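# Working through the structure, step by step
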Amino acid sequence: MPHVLVSGGAGFLGSNLCDRLLEEGWEVTAADNLLTGRLKNIEHLRDHERFRFIEHDVTQPFEVNGSLDYVMHLASPASPPDFTTLPLETLRAGSYGTHCMLEMARAHGARFFLASTSEIYGDPPPEHHPQSEGYRGHVSCTGVRSVYDEAKRYAEAATMACHRTWGLDTRIVRIFNTYGPRMRPDDGRVVTNFICQALRGEPLTLYGDGSQTRSFCYVSDLIEGFVRLLLSNETEPVNLGTDEEFSVRHVAERIIALTGSSSEIVTAPNPFDDEPRQRKPDISKAKRVLGWEPHIEFEDGLRRTIAYLKNELEL
Ligand code: NAD
Ligand code: UDP
């Protein structure tokens, strides 16, 4: 059975990925320094015979027992507030971390999979909406979010360079906003913030006027796309996300309705001056190359996430 190393395996996406790979019958080793992830996310796997956890900072070299078939690099802070509090850690995860994981893949003759992001497109102009893989981006290299955007751009460049120079077998996924169970309630992202605020009866904080847009993919759909891309022959980057686009104000209104909350919506200054105004993926490549498309409706995914967060907050 294949053996896969998942960096960032105790995080939101990483832990959901580990579950899925174990369901496939694979052997899974997760490496994580618990910077933004939680042991709680993988607690249920502690005694699983095909799962191992290594507490380690993947910006430093390390060894894994046995041979590896796949190396999946997800380790990185991923929430905008983390870019302010963990800027150097974010840069290192994308640069040194990516190199360590590329070296690991090379040493094992394994296929390398990079979790990149829609943030590499930056704040796209209207003519590049939706964003397709060919769009090269409009990114600030000095703003608050630049530590993440530029680190991921660097990680993609490093991955392609190792593909060309070493002949390393590589895959790159550009992930658009994803949500669902195992997100940290206090991660500061919009879905978790709004649901927690609504459940606690606190005002929902709309940054700016709330007209900025995002498209939200439910975690199980995304993980299905990961597996398909990992097993495909596609070595160029592939977008994964939903192409249903909502304003942030609409998200706040839907969450208030679905939680039955009496919370009001308030506006607050946007802490990021370099955030995208509009974001929606062009997923035609994923449909064509992977036969993939998302299936979970936004309201259905929100209901599942509300149930998870209610439990997390012990409400
Ligand atoms: P997360 O914060 O829940 O998970 C990241 C994990 O990486 C955490 O468990 C953290 O402890 C670990 N980590 C960070 N630095 C590390 C290091 N140096 N060594 C070892 N472990 C380290 O975030 P997530 O949402 O699960 O994101 C996972 C990956 O997916 C990230 O690379 C992120 O950039 C990418 N991504 C996520 C989204 C999304 O919407 N969730 C969107 C685009 C890209
Ligand atoms: N946002 C908001 N209120 C919050 C958190 C976020 O209005 O409490 C907005 C944020 O300004 C952005 C969108 O919601 O326009 C998505 O933010 P998130 O942090 O989830 O991810 P991003 O897509 O910006 O990386």
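It should be emphasised that the depicted structure is a prediction, and the values quoted were computed from it without experimental measurement.

Here we come to the environment of serine 261. Of note, serine 261 is situated in the loop between helix H8 (248-259) and strand S13 (265-268). Between the alpha carbons of serine 261 and proline 203 there is a distance of 9.9 Å; along the sequence they are 58 residues apart. Of the polar contacts made by the side chain of serine 261, one reaches the backbone oxygen of alanine 198; its length is 2.9 Å.

In the vicinity of ligand 2, 18 residues are found, and the nearest of them are Arg145, Val190, Thr205, Arg214 and Glu275. Here an oxygen atom of ligand 2 and a backbone polar atom of valine 190 are 2.8 Å apart. A distance of 2.6 Å separates an oxygen atom of ligand 2 from a polar side-chain atom of glutamate 275. With the chains in place, 95% of the 520 Å² that ligand 2 exposes on its own is no longer accessible. Secondary structure elements with two or more residues in the shell around ligand 2: helix H6 (190-200) and strand S8 (204-207). Broken down by class, the residue content of the shell around ligand 2 amounts to 6 nonpolar, 6 polar and 6 charged.

What follows covers H6. The element H6 is extensively covered by neighbouring structure, given that 9 of its 11 residues are classed as buried. Within the sequence span of H6, burial applies to Val191, Thr192, Asn193, Phe194, Ile195, Cys196, Gln197, Ala198 and Leu199. In the segment just after H6, glycine 201 is the residue with positive phi, at about 75°.

In the vicinity of ligand 1 there are 28 residues, among which Asp32, Thr36, Leu74, Tyr148 and Lys152 approach most closely. The backbone of leucine 74 places a nitrogen or oxygen atom 2.7 Å from an oxygen atom of ligand 1. Measuring from an oxygen atom of ligand 1, one finds a side-chain N or O atom of tyrosine 148 at 2.5 Å. Contact with the protein chains removes 96% of the 820 Å² of surface that ligand 1 exposes when unbound. Elements represented by at least two residues in the shell around ligand 1 include exactly helix H1 (12-23), strand S5 (111-117) and helix H5 (146-166). Of the residues that constitute the shell around ligand 1, the class distribution is 12 nonpolar, 12 polar and 4 charged.

Analysis parameters
- Residues numbered from 1 in each chain as written.
- Chains lettered and ligands numbered in written order.
- Predicted model: local features only at pLDDT ≥ 70, side-chain atom pairs only at ≥ 80, totals over all residues.
- Heavy atoms only, no water.
- Helix = DSSP H or I, 4+ residues; strand = E, 2+ residues; numbered from the N terminus.
- Polar contact = N/O pair within 3.5 Å; in protein donor to acceptor, adjacent residues only side chain to side chain.
- Near = heavy atom within 4 Å.
- Areas by Shrake-Rupley, 256 points an atom, 1.4 Å probe, with all protein chains shown as cover.
- Nonpolar A, V, L, I, M, F, W, Y, C, P; charged D, E, K, R; others polar.
- Buried < 20%, exposed > 50% of the residue type's maximum accessible area, 1.4 Å probe, protein only.

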